[in-house]
Amino acid sequence: MAKKLWGTRFNKKTHALTDKFTSSITFDQRLAKYDILGSIAHAKMLARQKIISQKDTQQIVKGLNSILKDVISGKFKFDPGAEDIHSNIQELLNKKIGQPAHKLHTARSRNDQVALDVRMYLKSEIDDLVEFISQLQKAVLKFAISNSKVVIPGYTHLQIAQCVLLAHHLLAYVEALERDKQRLLDTRKRINFMPLGSCAFSGTGLKIDRDFVKKELNFSGVTANSIDSVSDRDYIIEVLADLAILSVHLSRIAEDLILWSTKEFNFIDIDFSFCTGSSIMPHKKNPDILELIRGSVGKIQGDLSSVVMLMKGLPTSYNRDMQLDKPPLFDSIDAVRDILEIFMALFSSIVIEKESVAAKVKDESLFSVDIVEYLIKKGLSYRQAHDIVGRMVRDCLDKGRKISSLSGKELKRYSPKLKEDIKELLNAWASVNLKKSFGSTNPKLVKRQLVAWNRKLK
Ligand code: ARG
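Note that this is a predicted model, so its numbers are computed, not measured.

(A) Structural context of the nonpolar core. In this structure, Leu122, Leu257, Leu329, Phe343, Phe347 and Leu418 are the most contacted members of the largest nonpolar core, which totals 136 residues. Leaving out residues up to four positions away in the same chain, Phe343 has contacts with Leu136, Leu250, Ile253, Ala254, Leu257, Leu290 and Ile293.

(B) Representation of the packing of helix H6 (residues 110–146) against helix H10 (residues 234–260) within the structure. Orientation of H6 relative to H10, taken along the N-to-C sense of each, is 20°, at an axis distance of 11 Å. On the basis of their axis angle, the class for H6 and H10 is roughly parallel. Relative to H10, H6 is oriented so that their crossing is left-handed. Within the contact between the two elements, H6 uses Ala115, Val118, Arg119, Leu122, Ile126, Leu129, Ile133 and Leu136 and H10 uses Tyr235, Ile236, Val239, Leu243, Leu246 and Leu250. Among the residues forming the contact of H6 with H10, the class breakdown is 13 nonpolar, no polar and 1 charged.

(C) Empty space enclosed by the protein, seen in detail. Applying the stated rule across the entire model yields 3 cavities of 30 Å³ or more. Considering every element that reaches the lining of the largest cavity, the biggest residue donor is helix H5 (residues 85–97), with 3 residues. For the lining of the largest cavity, the class distribution of residues is 4 nonpolar, 5 polar and 3 charged.

(D) Broad picture of the environment of Asp112. Locating Asp112 in the fold gives a position in helix H6. In the structure, Asp112 is positioned 82 residues away from Met194 in sequence and 9.3 Å away in space, judged by C-alpha atoms. Residues contacting Asp112, with those up to four places away along its chain left out, are Pro195, Leu196, Gly197, Ser198, Cys199 and Val230. For Asp112, the side chain forms a polar contact with the main-chain nitrogen of Gly197, separated by 2.9 Å.

(E) Structural view of the packing of aromatic side chains. Overall, the coordinates contain 9 aromatic pairs when judged by the stated rule. When the ring of Tyr34 is compared with that of Tyr121, the centres are 6.2 Å apart and the planes differ by 70°; the resulting orientation is edge-to-face. Pair noted here: Tyr34 is in helix H3 (residues 32–48) and Tyr121 is in helix H6, with a separation of 87 residues, a long-range link. Note on Tyr34: relative accessible area 11%, which makes it buried.

(F) How the structure looks around the pattern of salt bridges. Throughout the structure, instances matching the rule amount to 27 salt bridges. Two residues, Asp334 and Arg30, come together in a salt bridge whose shortest N-O distance is 2.6 Å. Note that Asp334 is positioned in helix H12 (residues 326–349) and Arg30 in the loop between helix H2 (25–28) and H3, a separation of 304 residues in sequence. For Asp334, a relative accessible area of 29% corresponds to the partly exposed category. Overall, Arg30 belongs to the partly exposed group, its relative accessible area being 32%.

(G) View of the state of the cysteines. Enumeration according to the criterion identifies 0 disulfides in this entry. Cysteine Cys163 shares no disulfide, and the gap to the nearest cysteine sulfur, in Cys396, comes to 17 Å. Residue Cys163 is classed as buried on the basis of its relative accessible area, which comes to 1%.

(H) Focus on the site of the ligand. Near the ligand the following residues occur: Ser24, Asp84, Arg110, Asn111, Val114, Tyr318, Arg320, Gln323 and Lys326. Here a nitrogen atom of the ligand and a side-chain polar atom of Asp84 are 3.4 Å apart. At 2.8 Å from a nitrogen atom of the ligand is found a side-chain nitrogen or oxygen belonging to Asn111. Here the ligand loses 86% of its free accessible area of 350 Å² to cover by the protein chains.

What counts, and at which threshold
Residues numbered from 1 in each chain as written. Predicted model: local features only at pLDDT ≥ 70, side-chain atom pairs only at ≥ 80, totals over all residues. Heavy atoms only, no water. Core = buried A, V, L, I, M, F, W, Y, C linked by side-chain atoms within 4.5 Å. Buried < 20%, exposed > 50% of the residue type's maximum accessible area, 1.4 Å probe, protein only. Contact = heavy atoms within 4.5 Å. Axes fitted to C-alpha atoms, helices over the stretch in contact; angles between N-to-C directions. Helix = DSSP H or I, 4+ residues; strand = E, 2+ residues; numbered from the N terminus. Parallel < 35°, antiparallel > 145°, perpendicular 65-115°, else oblique. Left-handed = near helix turned anticlockwise from the far one by under 90°. Nonpolar A, V, L, I, M, F, W, Y, C, P; charged D, E, K, R; others polar. 1 Å grid on protein atoms, 1.4 Å probe; cavity = no way out; pocket = protein on both sides within 12 Å on 5 of 7 lines; lining within 4 Å. Points joined across faces, edges and corners; volume = space filled by probe spheres on them. Polar contact = N/O pair within 3.5 Å; in protein donor to acceptor, adjacent residues only side chain to side chain. Phe/Tyr/Trp six-rings, centres within 6.5 Å; stacked < 30°, edge-to-face > 60°. Salt bridge = Lys/Arg side-chain N within 4 Å of Asp/Glu carboxyl O. Disulfide = S-S within 2.5 Å. Near = heavy atom within 4 Å. Areas by Shrake-Rupley, 256 points an atom, 1.4 Å probe, with all protein chains shown as cover.

Okay, structure coming up:
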């Protein structure tokens, strides 16, 4: 068992169960790199401020750098008996360099140390996640560009509705992912404040220079209230909320693709390398990856509520409960990272089932709104037009007829304004071309969006 940072005050050893129950080393070891970098900056500051000697600091920095090397190369063996990563590294430094190591924890507490470590860790993770999201956006965009002429039936309430360009549908994903990215970057701005120097919670009487540490560690500012600095876990909740929203998008995209890959839809084919089979039904080719994406999103929502619940009753200041913010945080970050990684790869493997999609857009109910708008352009009110087309569609469905089979005379019975030229409206390409409003599925507008996104994501 490693030596406790606070052991001297105790008149006996802690119970083995106490050590086991309170230790966080199994999960907070992930913060090792940031803990060391933070300690190096802190030690340099202590020397500059003449709180400890240059000589001691040189030894501390040298010792920490050699531990850092082992951490980065994966050679570092975490001490399962350590209370947490902060104690583990301190203890190791004590062993490595002796006396000077005992000066490192001057004007610092694990309360501000852990806040610093997590903020540093999150800044780096956000940078990675943002890059991953961009990669996924690029994969989606590539698929959209290479199928820019494909029109699909669009759905509302999962009932066939109107024609849209496949690219338009795919750009909806790109838009949502962009908001996810911006949300993370916005959160990063609030994470970018340096809490070290808050110490346990009230600050210190020693003449430290928090601004120096801020600059050394590349933060944009220092936190302004020492109590808030050790009490605040908003940044963790914010990241989890950002990830929860992002994962909802990923889950919904997965759901689209699952539907589209069914025999019933048959819009897309997912490459065999990203599918799995059945142990009993030889014909099966299942979209298990997409289902697991959808499935793991539940856990990500759980991580968010876990930390919200953890925090909601805590008195202001540091409380040990807060140690438990890390497992859900790390869990969500890992899950989202894994999802983004496989999603990118899977997306690049999808091919569109062109013939099947072309057959589906022959369903003439897809064009009912186009006929309504045709009548509005001829001076009818929206209500009149909707009623006329409603009657016509109902009759066709009752009699098993297609709108395109109605004669000029039959059309006239619904309205004298309904002419044979409505038959020109009854095709997918005409339908999307009729859309004019900004943001619509009009091919020229969609093309412009594809170009703009292509430029933006480069
Ligand atoms: N491991 C703790 C955490 O993750 C930090 C240690 C603070 N412990 C303490 N007794 N003040 O929050």
